[in-house]
Amino acid sequence: MNAPDAFTLPPTATRAAQLRAMLLSNQLEFLMEAHNGISARIVREAGFKGIWASGLTISAQFGVRDNNEASWTQVVDNLEFMADASDLPILLDGDTGYGNFNNMRRLVRKLEQRGIAGVCIEDKVFPKTNSFIGGERQPLADIDEFCGKIKAGKDSQADDDFSIVARVEALIAGWGMEEALRRAEAYHQAGADAILIHSKLKRADEIVQFAREWGNRCPLVIVPTKYYSTPTDVFREAGISLVIWANHLLRAATSAMQSVAAEIHRNETLINVEDRVATVDEIFRLQDADEYTQAEDRYLSAANAPRSAIVLAASRGKNLESVTTDRPKVMLPVAGKPLLRWLVDGFKKQNVNDITVVGGYRADAIDTAGITLAVNERHAETGELASLARVANAFTQDTVVSYGDLLFRSYIVRDLVESAADFTVVVDSTAAATANAANASVRDFAYCSAGDDRGLFGQQVLLEKISGDASDAGRTPNGRWIGLLGVRGDEGRAQLQRVFAALQTRADFDQLGMPELINALAADGAKIEVQYVHGHWRGVNDMEEFRRAADFAHGQTPFSGTAPETQGD
């Protein structure tokens, strides 16, 4: 009956082959109960070699009785989650086979389709009741009829290694040892791959007696739920092949849930339970969240790839002191919601979901919903790059760097994140963007390799530099950089990090702004692509722009009834 020592399976062995090897092993083997995907993963991590898919615990986690109230199709669907969550072989507690021989044939085919290694059926009548609920009053199946089920199951399996275990209930029902042995032999002759002998006594005496009289005619399986105090070595000495720990994960979870629920209800706080329960991160780990993140990197198209944004929002607002006494500029209300919320909503609309805001002045007043907040404590004496340095390690994916005082039409960010260039800047080419150069709030004039030819599509225009002078070296600027920089790909991020590190060695680093970083990238050979826009954005740099921002924002609200202010065509 037993396989030789060191029965070694090839790495490609099916789950059915793994279960069969456990049944034929010359060492005592163990299956642990699981009832859903997460418990199946816990069983695997604990080191068990196989899973018992318990009828009792699967029914219980559905909230129904162990009386075939959960249909066999519901059970099989649940098994699919368990098989996906763990690569261990699963032996299903298949009750009575869910009907007659024909139900048994269909069950075996469906289990094999889902990679289930075997099924255990018991010789009671359908619908069954749990053996520990009045088991002595429960009728047993006719031997010939039950043998027919076993034969039907064996004839239906496609994989020779798929196992059918026949569970003998004669001892539970009080029919005695002789009847138990007679039934076991009949089931063995009908083709059962193993016999599960069940007992509800608190001692293992009748199990040991059965094993002695059975004489290793085929593998013997036991479920020591009632006789749990029996030393495991007794089972080894009796020649048992497989021990099933049948319901303890669900029972442990139930006790824990009852305790925690009562504690929270009683005290109306989580403070007393949080340290006693698994962390949310542990649940994420058991769900294999890290694998999903890795898969995103491999399979998602550029349009759907994870993206982040860094919003530089440390300023009070040089020309806005009268309205920023108790809040930073980024929290000024514009058309009913803070300027920052317009930014965050605009980014999230384009799947830019990981948003870091670098605050400074009155950072405590920044609404942190949906963002990560970093603080430049030296905001009053430093420039934009000192703020960026607070989050320089945030460039782990495609990233947009943005000023914190922007409103824009959604297509601007959409086109920016879809650019294939390592670096992309958004430049407003309207005459209005550069006309008022005397205004201190107008800055960041862009000089490009070509102007904005709005009738020509497909041309690549590269940024040469950004200047504070609207007539740099006698040239007319091609537009105004609006405060959006896109960084894409591993090479782009690496170049930015290198150039940024070099700038940090400069004595005047604390006074540098984003234009200096962009110009340094250009000097380092970066091809910075220009995305021309013709208006469709607003900056908020002074009281006049603050007043006009509401009109622009209203135009971004669906069905607002207000024509959008475009600042261009």
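Cut-off values and rules
- Residues numbered from 1 in each chain as written.
- Predicted model: local features only at pLDDT ≥ 70, side-chain atom pairs only at ≥ 80, totals over all residues.
- Heavy atoms only, no water.
- Helix = DSSP H or I, 4+ residues; strand = E, 2+ residues; numbered from the N terminus.
- Buried < 20%, exposed > 50% of the residue type's maximum accessible area, 1.4 Å probe, protein only.
- Contact = heavy atoms within 4.5 Å.
- Areas by Shrake-Rupley, 256 points an atom, 1.4 Å probe, with all protein chains shown as cover.
- Phe/Tyr/Trp six-rings, centres within 6.5 Å; stacked < 30°, edge-to-face > 60°.
- Lys NZ or Arg CZ within 6 Å of the ring centre and 35° of its normal.
- Pairing = 2+ DSSP bridges.
- Axes fitted to C-alpha atoms, helices over the stretch in contact; angles between N-to-C directions.
- pLDDT = per-residue confidence, 0-100.
- Parallel < 35°, antiparallel > 145°, perpendicular 65-115°, else oblique.
- Left-handed = near helix turned anticlockwise from the far one by under 90°.
- Nonpolar A, V, L, I, M, F, W, Y, C, P; charged D, E, K, R; others polar.
- 1 Å grid on protein atoms, 1.4 Å probe; cavity = no way out; pocket = protein on both sides within 12 Å on 5 of 7 lines; lining within 4 Å.
- Points joined across faces, edges and corners; volume = space filled by probe spheres on them.
- Domains from an automatic or database assignment.
- Right-handed = clockwise from strand over helix to strand, strands pointing away.
- Salt bridge = Lys/Arg side-chain N within 4 Å of Asp/Glu carboxyl O.
- Patch = residues over 30% accessible without salt bridge, like charges linked within 9 Å, V, L, I, M, F, W, Y side chains within 5 Å.

Trainee: So, the overall build of the protein: which residues are in play, and what are the values?
Mentor: The secondary structure content of the protein amounts to 19 helices and 21 strands. In the protein, buried positions account for 50% of the 569 residues. Of the contacts formed within the protein by residues at least 6 apart in sequence, a portion of 73% connects residues at least 24 apart. For the protein, the accessible surface area stands at approximately 26400 Å², while carbon and sulfur atoms represent 50% of it.

Trainee: Hey, could you go over the packing of aromatic side chains for me, with residue numbers and the actual values?
Mentor: All chains considered together, the criterion is met by 7 aromatic pairs. Aromatic pair Phe30 and Trp245: ring centres 5.7 Å apart, planes at 10 degrees, arrangement stacked. In this pair, Phe30 sits in strand E1 (residues 29–34) while Trp245 sits in strand E8 (residues 242–245), placing the two residues 215 residues apart along the sequence. The ring of Trp342 has Lys337 lying over it, and the distance from NZ or CZ to the ring centre is 4.1 Å. Directly above the aromatic system of Tyr447 lies the positively charged group of Lys465, at a separation of 5.9 Å from the ring centroid.

Trainee: Quick rundown of the environment of Val358? Include the residues and the values.
Mentor: Inspection of the secondary structure puts Val358 in strand E12 (residues 352–359). Owing to a relative accessible area of 0%, Val358 belongs among the buried residues under this scheme. Separated by 46 residues in sequence, Val358 and Leu312 have C-alpha atoms that sit 5.2 Å apart. Each residue touching Val358, except ones within four places of it in the same chain, is listed here: Ile310, Val311, Leu312, Ala313, Ala314, Ala374, Asn376, Ser387, Arg390 and Val391.

Trainee: Can you lay out the sheet that holds strand E2 (residues 51–53) for me, pointing to particular residues and giving the numbers?
Mentor: Spatial ordering of the closed barrel is given by E1-E2-E3-E4-E5-E6-E7-E8, a layout of 8 strands whose pairing is parallel. Across the sheet, the axes of successive neighbouring strands diverge by a mean angle of 25 degrees, strand direction being ignored. Against the sheet, helix H2 (residues 37–46) contacts E1 and E2, and its axis sits at roughly 150 degrees relative to E1. Each of strand E5 (163–168) and strand E6 (194–197) is contacted by helix H7 (residues 177–190), which is oriented at about 165 degrees to E5, the strand it contacts most.

Trainee: Could you give an account of helix H13 (residues 339–349), with specific residues and numbers?
Mentor: Counting buried residues along H13, 8 of its 11 residues qualify, which places the element largely inside the surrounding structure. Along H13, the residues that are buried comprise Leu339, Leu340, Arg341, Trp342, Leu343, Val344, Gly346 and Phe347.

Trainee: For the confidence of the model for the protein, give the residues involved together with the corresponding values.
Mentor: Residues at a pLDDT of 70 or more form 90% of the protein, whose mean pLDDT is 89. Within the model, pLDDT remains below 50 along residues 1–6, and this stretch shows 14 contacts once partners closer than five positions in the same chain are excluded. Within the model, the stretch residues 559–569 combines pLDDT values under 50 with 28 contacts to residues more than four positions away or in other chains.

Trainee: Outline the packing of helix H4 (residues 72–85) against helix H5 (residues 101–113), supporting the account with residue identities and numerical values.
Mentor: Where H4 meets H5, the closest approach of the two axes is 10 Å, and the angle between their N-to-C directions is 15 degrees. Of the possible angle classes, the one that applies to H4 and H5 is roughly parallel. The handedness of the crossing between H4 and H5 comes out as right-handed. Mapping the contact onto sequence places Trp72, Val76 and Leu79 in H4 and Arg106, Leu107, Lys110 and Leu111 in H5. Of the residues belonging to the contact of H4 with H5, the class tally is 5 nonpolar, no polar and 2 charged.

Trainee: Quick rundown of the layout of surface pockets? Include the residues and the values.
Mentor: What the largest pocket holds in volume is close to 930 Å³. Looking at the largest pocket, it is lined by 32 residues, and the ones nearest its centre are Ser315, Lys318, Lys329, Glu384 and Arg443. Those elements giving two or more residues to the lining of the largest pocket turn out to be strand E9 (307–313), helix H14 (384–389) and helix H18 (514–523). Size it by volume and the second largest pocket reaches roughly 540 Å³. Ala253, Ala256, Met257, Ala278 and Ile283 are the residues nearest the centre of the second largest pocket, which is lined by 18 residues in total. Where the lining of the second largest pocket is concerned, the elements lending two or more residues are H2, helix H10 (248–267) and helix H11 (280–286). By residue number, the principal contributor to the lining of the second largest pocket is H10, which donates 7 residues. Classifying every residue of the lining of the second largest pocket by side-chain character gives 13 nonpolar, 4 polar and 1 charged. Summarising the domain contributions, the lining of the second largest pocket has at least three residues from each of domain 1 (15–246) and domain 2 (256–287).

Trainee: Describe in detail the pairing of E8, supporting the description with residues and values.
Mentor: Of the strand pairs in this sheet, E1 and E8 are connected by 4 bridges, and their pairing is parallel. Directly across from Glu29, in E8, lies its bridge partner Leu242. Read from strand E7 (residues 220–222) through helix H9 (residues 232–238) to E8, the crossover connection turns out right-handed.

Trainee: Residue-level account of the pattern of salt bridges, with values.
Mentor: What the rule picks out here adds up to 36 salt bridges. Between Lys124 and Glu169 there is a salt bridge, with its nearest N and O atoms 3.8 Å apart. A residue pair is termed long-range when its members are at least 10 positions apart, and Lys124 in the loop between strand E4 (118–122) and helix H6 (143–156) and Glu169 in the loop between E5 and H7 qualify at 45 residues. Taking relative accessible area as the criterion, Lys124 reaches 4% and is therefore assigned buried.

Trainee: So, a nonpolar patch on the surface: which residues are in play, and what are the values?
Mentor: Together, Ile38, Ile42 and Ile283 line one region of the surface with nonpolar side chains, adding up to about 200 Å² of accessible area. For Ile283, the position within the fold is in helix H11. The class of Ile283 is partly exposed, set by a relative accessible area of 32%.

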